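Structure at a glance
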Amino acid sequence: MSMLQAFTAAARCESFTEAATDLGLTQGAISRQVRALEQQLGAELFNRVGKSVRLTAAGGRYAEEVEKALQAVRLASLDAMT
């Protein structure tokens, strides 16, 4: 789950540094989690350009699907609390 959170934050911010600030982690932690996710998937999710990152085509598709799945989990959690 932490890899997915790091990935979605980095995708949203287009920056590992900003994602780290949002999640209260270090930039290195975000970078390691994203790299581990890329290795697990066998796909490059970001193009790294200087200090910014841009989603690859595969990364963009993956980000959309992961966001849908995380939204479903959030809704299910809210539903379970009522």
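What comes next concerns the included structure. (Residues numbered from 1 in each chain as written. Predicted model: local features only at pLDDT ≥ 70, side-chain atom pairs only at ≥ 80, totals over all residues. Heavy atoms only, no water.)

Now for the pairing of strand E1 (residues 46-49). Bridge count for E1 against strand E2 (residues 52-55) is 4 bridges, and the pairing is antiparallel. What sits directly across from Asn47, in E2, is Arg54. Where E1 folds back on E2, the antiparallel hairpin that results is connected by 2 residues, among which Gly50 adopts a positive phi of roughly 60 degrees. (Pairing = 2+ DSSP bridges. Helix = DSSP H or I, 4+ residues; strand = E, 2+ residues; numbered from the N terminus.)

Let's shift gears to the packing of aromatic side chains. Enumeration over the complete set of coordinates arrives at 3 aromatic pairs. Where Phe7 meets Tyr62, the ring centres are 5.3 Å apart and the plane angle is 50 degrees; that geometry is what we call tilted. Taken as a pair, Phe7 in helix H1 (residues 2-13) and Tyr62 in helix H4 (residues 57-80) lie far apart in primary sequence, 55 residues in all. Given the relative accessible area of 0%, Phe7 is considered buried. Accessibility expressed as a relative area gives 24% for Tyr62, which makes it partly exposed. Members of the aromatic cluster, connected to one another through ring pairs, are Phe7, Phe16, Phe46 and Tyr62. (Phe/Tyr/Trp six-rings, centres within 6.5 Å; stacked < 30°, edge-to-face > 60°. Buried < 20%, exposed > 50% of the residue type's maximum accessible area, 1.4 Å probe, protein only.)

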